[in-house]
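Here are the chains, one letter per residue:
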Amino acid sequence: GTHVSGIATGNDPTRIPTPLYGIARGADIIAIQVFSQFFGLGDVRSYSSDQIAGLQHVYSLRSTYNIASANMSLGGGQYSDQASCDSANAGVKAAIDNLRGAGIATVIASGNNGFCGFISGPGCISTAVAVGNTLDNDVEASSSNYHAPLLDLYAPGSSILSSVGNSNSSYSSYSGTSMAAPHVAGAWAILKQKVPSATV
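What counts, and where the lines are drawn
- Residues numbered from 1 in each chain as written.
- Predicted model: local features only at pLDDT ≥ 70, side-chain atom pairs only at ≥ 80, totals over all residues.
- Heavy atoms only, no water.
- Buried < 20%, exposed > 50% of the residue type's maximum accessible area, 1.4 Å probe, protein only.
- Helix = DSSP H or I, 4+ residues; strand = E, 2+ residues; numbered from the N terminus.
- Pairing = 2+ DSSP bridges.
- Disulfide = S-S within 2.5 Å.

**Things to note about the pairing of strand β9 (residues 129-134)**
Burial analysis of β9 places six of its six residues in the buried class, which makes it a mostly covered element. Burial along β9 is two-sided: the residues V129, V131 and N133 and A130, G132 and T134 are all buried. In this sheet, β9 lies alongside strand β7 (residues 105-109) in parallel orientation, the contact comprising three bridges. Each residue of the ladder has a partner; that of A109, found in β9, is V131. In the sheet, β9 pairs with strand β10 (residues 153-156) via four bridges, with the strands oriented parallel. Each residue of the ladder has a partner; that of V131, found in β10, is L153.

Shown next as structure tokens:
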């Protein structure tokens, strides 16, 4: 979460030798925790119910804050059909639809399984903005999930230097569609600043 946040909105002009900025360095973050520790599995995962609650919370704040986008650097499964994706993720889709109706984009990582012809859910939802990962030369990363109609766009996601939670001045490089998605979420904030009335 810290790394993803830094990509979207980081702002460290004091970093030596080079300042480090996120895409929308003047924007703010509303941090919402949707992950749970699964002991014995060695990782954290996210329940759909928590994702829905998180998106509904963003929607409840729409009149309090000027929210441009919701970033979801998460996902799982594999989908190649729009109807089956929307059906399998109906609750998350309803929450994304509400945000979209309020002018808030939901930007979601496509997944890092190297699928050709599939992307992960909930990025596959028709009203989400699904993001794949590119290398520095704008070539798709081999690990990035891809499906022509379901994937909306690509963004940088390989060896991305951003903040980590060790201290106020700790940085590390990570790769994946989870790093690509916040590039788009940050860009959405800049676009919304330029054209506040634009639809998603």
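Now, onward.
**Considering the state of the cysteines**
What is meant by a disulfide is a covalent connection between two cysteines, made through their sulfur atoms. This structure, assessed with the given rule, holds one disulfide. What pairs with C85 in a disulfide is C124, and their sulfur atoms sit 2.0 Å apart. Around the S-S axis, the bridge from C85 to C124 shows a dihedral of about 85° and counts as right-handed. Here C85 is found in helix α3 (residues 82-88), whereas its partner C124 is found in the loop between β8 (119-121) and β9, with 39 residues between them in sequence. Taking relative accessible area as the criterion, C124 reaches 1% and is therefore assigned buried. Here C116 stays unpaired: no disulfide links it, and the sulfur of C124, its closest cysteine neighbor, is 16 Å away. The exposure class assigned to C116 is exposed, which follows from its relative accessible area of 67%.

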